[in-house]
Structure formats: structure tokens, C-alpha cells
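Chain by chain, the residues run as shown.
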Amino acid sequence: MADHEKSVREKITEKFHGDGSSSSSDSDDEKKSSPSPSPSKPKVYRIFGREQPLHKVLGGGKPADVFLWRDKKISGGLLVGVTAIWVLFELFEYHLLTLVCHGLILALAILFLWSNASSFIKKSRPSIPEVHIPEEPVLEFASALTIEINRAFRVLREIALGRDLKKFLAVIVGLWILSTVGSCCNFLTLFYIAFVLLHTVPVLYEKYEDHVDAFAEKAMIEMKKQYAVFDAKVLSKIPNGPWKGKKA
């Protein structure tokens, strides 16, 4: 009888120990299976606070592909063409009207002679395609340009009303730099420099954006420190206009 009670007690003990081990193993499995919360990644600083890739910032599509050299033939051909135009106008001192007229004279003479001589040389006449400017892209460009011009006018109006001192100083410095550059070169050279920068800076930035953004973050922090010092020593001592004290 004692042996029977002992065996029953041992079975009950084993049953409880087995349940405990299984429950502990289940809890361990749950811990392993449950995903651990991933540490939040620090937000990477990007110039102008952009959150999208550079290709989308530039508008996407074909223009962005050209600026980022996704199609090297078109990008290189465009750069070579603009460079040739700048060399003709700036270095050789060619004039736009003269260039257009001479180009049309040459093209029309070649096509006219080819069309009339095709019957003598027994070759087909040149196929001249019909050229027309599509209306939709022109309207889209005009609409986008109008929006940007109106936005610039609104910013200038806010600056003129004295609502934002930072924008006022930034615009004054930008216009002064632009006037200094303009005094050193004419409009055509300035346009060519802007085109070359627009054609090379985005692709270089896309290639080294991590290094550039890190340097820009340090420069922005330093600029904010210097502006805080300038604000404390100079701007804070400038008396406010009488209209700022009035209640709306």
C-alpha cells in the first residue's frame, strides 16, 4: 500500500514538473518568436529638409534623368551643344540672328538641291518630317513658370512688409552676390555657368550625398551659432517699428 501511494505521489510530482517545464519552454519560444523592438534609427540630415530621393525632387521623368545623367547620350549631347553655342557667341563673337539665318540658308540650300537633283541621280527625295510644337508641354511649362513667379512675388512682398528679417538678409546677400558675378561676366556666360552647374552638381551630389549632407549639417549648426551671436549683439538692439506694437 505504501509502495502504491509512493508511486502515485511520484507520478503527480512528475506531472507538475513536466507542465512547468513545458510552460517555461513555451514562454521561451514566445520570447524568441516575438520580434524585439528595433531601435529607432536617427533621422539623417538632408539639405533643405528633403525627404524624397533627388530624382523625385527634380520632378522625375525625363528632365530628372537628363540632369542626373541617367541617359548619358542625351545629357552629354546637351552639354556639348550648349558649350558649342557658348563658344560661338562668346569666343567667336557670333550673333544669334546671324547664326540662325546662316543655319537656315545652309539647310534649305542642301534640301532644295537634293530634292531637285534626286531625279538625275535616280535616288529618292529626302523625307522631311513635319515639325510641330506640342501644346500640352508648353502649357504645363508656362503654368509651372507662372506659379513660381507668383510665389517669388509673394516672398518679395512679405520681405518688403518687414515680416521676416532672415529672408530679408538672405535676399539682400543673394542679390549682392548675383550683382557681383554679373559685373564680371555677361548674361550669356552667366547662363552658361548656371547650366553647367545644374548639369553637374546634382549628379555629383547624388553620388556623394552622405558626405555632403554631413558637412552641410555642421555648416548649418555653425551658421545658427553665428546668427545667434549676431542677433544678440546687433539685431536685438534694433528698435521695433511702431506698427509691431499695435494689436491686430
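This text follows the structure it describes.
Residues numbered from 1 in each chain as written. Predicted model: local features only at pLDDT ≥ 70, side-chain atom pairs only at ≥ 80, totals over all residues. Heavy atoms only, no water.

A word on the environment of Ser118
Here is step 1: Looking at the element boundaries, Ser118 is found in helix H5 (residues 96-121).
Here is step 2: Judged by relative accessible area, Ser118 falls into the buried class, the value being 4%. (Helix = DSSP H or I, 4+ residues; strand = E, 2+ residues; numbered from the N terminus. Buried < 20%, exposed > 50% of the residue type's maximum accessible area, 1.4 Å probe, protein only.)

Description of the pattern of salt bridges
Here is step 1: Tallying each qualifying case throughout the model produces three salt bridges.
Here is step 2: Across the pair Glu206 and Arg70 runs a salt bridge, and its minimum N-O distance is 2.7 Å. Here Glu206 is found in helix H8 (residues 187-207), whereas its partner Arg70 is found in the loop between helix H3 (61-67) and helix H4 (72-91), with 136 residues between them in sequence.
Here is step 3: Glu206 gets classed as partly exposed once you look at its relative accessible area, which sits at 27%.
Here is step 4: One salt bridge connects Arg151 with Glu148, and the closest N-O pair in it is separated by 3.6 Å. With Arg151 and Glu148 both in helix H6 (residues 135-160), this residue pair falls three residues apart, about one helical turn.
Here is step 5: Overall, the relative accessible area of 44% leaves Glu148 in the partly exposed class. (Salt bridge = Lys/Arg side-chain N within 4 Å of Asp/Glu carboxyl O.)

Examining the packing of aromatic side chains
Here is step 1: On inspection of all chains with the given rule, the structure shows one aromatic pair.
Here is step 2: Arranged with centres 4.9 Å apart and planes meeting at 10°, the rings of Trp86 and Tyr192 form a pair that is stacked. With Trp86 in helix H4 and Tyr192 in helix H8, this pair connects stretches of sequence that are 106 residues apart. Both residues of the pair, Trp86 and Tyr192, count as buried. (Phe/Tyr/Trp six-rings, centres within 6.5 Å; stacked < 30°, edge-to-face > 60°.)

A few points about H5
Here is step 1: An ideal rise of 1.5 Å per residue puts 38 Å on 26 residues; H5 measures up with 36 Å between its terminal C-alpha atoms.
Here is step 2: Just past H5, the residue Lys122 takes up positive phi, approximately 60°. (Expected span 1.5 Å × (residues − 1).)

Points about the nonpolar core
Here is step 1: By size, the foremost hydrophobic cluster in this structure holds five residues: Leu79, Val82, Trp86, Tyr192 and Phe195.
Here is step 2: Of all elements in the fold, only H4 and H8 reach the threshold of two or more residues within this core. (Core = buried A, V, L, I, M, F, W, Y, C linked by side-chain atoms within 4.5 Å.)

Remarks on the layout of surface pockets
Here is step 1: For the largest pocket, the calculated volume is near 360 Å³.
Here is step 2: Residue lining of the largest pocket: Lys166, Leu169, Ala170, Met220, Met223, Lys224, Gln226 and Tyr227, and that is the complete set.
Here is step 3: Mapped by element, the contributors of at least two residues to the lining of the largest pocket are helix H7 (165-184) and helix H9 (209-233).
Here is step 4: Considering each element in turn, the lining of the largest pocket owes the most residues, five residues, to H9.
Here is step 5: Here the residues of the lining of the largest pocket are counted per class, giving five nonpolar, one polar and two charged. (1 Å grid on protein atoms, 1.4 Å probe; cavity = no way out; pocket = protein on both sides within 12 Å on 5 of 7 lines; lining within 4 Å. Points joined across faces, edges and corners; volume = space filled by probe spheres on them. Nonpolar A, V, L, I, M, F, W, Y, C, P; charged D, E, K, R; others polar.)

Things to note about unusual backbone geometry
Here is step 1: Positive phi is not limited to glycine here, since Trp69 has a value of about 60°.
Here is step 2: Structurally, Trp69 is set in the loop between H3 and H4.
Here is step 3: For Trp69, a relative accessible area of 25% gives the class partly exposed.

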